[in-house]
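Read off the chains here:
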Amino acid sequence: MLRDQEANEVKYKAAVKLLEIMLSKGLITLAEYRKIDDLNRQTFTPELAEVYVQ
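Heads up: these notes are all about the structure in this document. Here the structure is a predicted model, which is why all the values come from computation and not from measurement. (Residues numbered from 1 in each chain as written. Predicted model: local features only at pLDDT ≥ 70, side-chain atom pairs only at ≥ 80, totals over all residues. Heavy atoms only, no water.)

Take the overall build of the chain next. When its secondary structure is counted, the chain shows 3 helices and 0 strands. For the chain, the sequential pattern of α-helices and β-strands runs α-α-α. By the burial criterion, 26% of the 54 residues in the chain qualify as buried. Sequence-distant contacts in the chain: of pairs separated by 6 or more residues, those separated by 24 or more amount to 51%. If you sum the accessible surface of the chain, you get close to 4100 Å²; carbon and sulfur atoms cover 59% of it. (Helix = DSSP H or I, 4+ residues; strand = E, 2+ residues; numbered from the N terminus. Buried < 20%, exposed > 50% of the residue type's maximum accessible area, 1.4 Å probe, protein only. Contact = heavy atoms within 4.5 Å. Areas by Shrake-Rupley, 256 points an atom, 1.4 Å probe, with all protein chains shown as cover.)

In structure tokens:
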């Protein structure tokens, strides 16, 4: 995995963690979580995107 790909993986996982926190605190709905997560996967294009799909 190249350095840029690794950076994208880390950024994506950080974004997921923040979304999970926001969801658990009721700041976003599950539908919003899924929509934002989809946008994050398009933005960060993590190599393991298929693994992350929920």
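From this point, the narrative continues.
Along the chain, the position of Asn40 falls in helix α2 (residues 30-44). Given the relative accessible area of 14%, Asn40 is considered buried. What Asn40 contacts, discounting residues up to four positions off in sequence, is Tyr12, Ala15, Leu19 and Thr45.

The next point concerns the packing of helix α1 (residues 3-24) against α2. At their nearest, the axes of α1 and α2 sit 10 Å apart, and the two run at 170° to each other. As far as their axial angle goes, α2 and α1 are roughly antiparallel. Here Asn8, Lys11, Tyr12, Ala15, Val16, Leu19, Glu20 and Leu23 of α1 come into contact with α2, specifically with Leu30, Tyr33, Ile36, Asp37, Asn40, Arg41 and Phe44. Classifying every residue of the contact of α1 with α2 gives 9 nonpolar, 2 polar and 4 charged. (Axes fitted to C-alpha atoms, helices over the stretch in contact; angles between N-to-C directions. Parallel < 35°, antiparallel > 145°, perpendicular 65-115°, else oblique. Nonpolar A, V, L, I, M, F, W, Y, C, P; charged D, E, K, R; others polar.)

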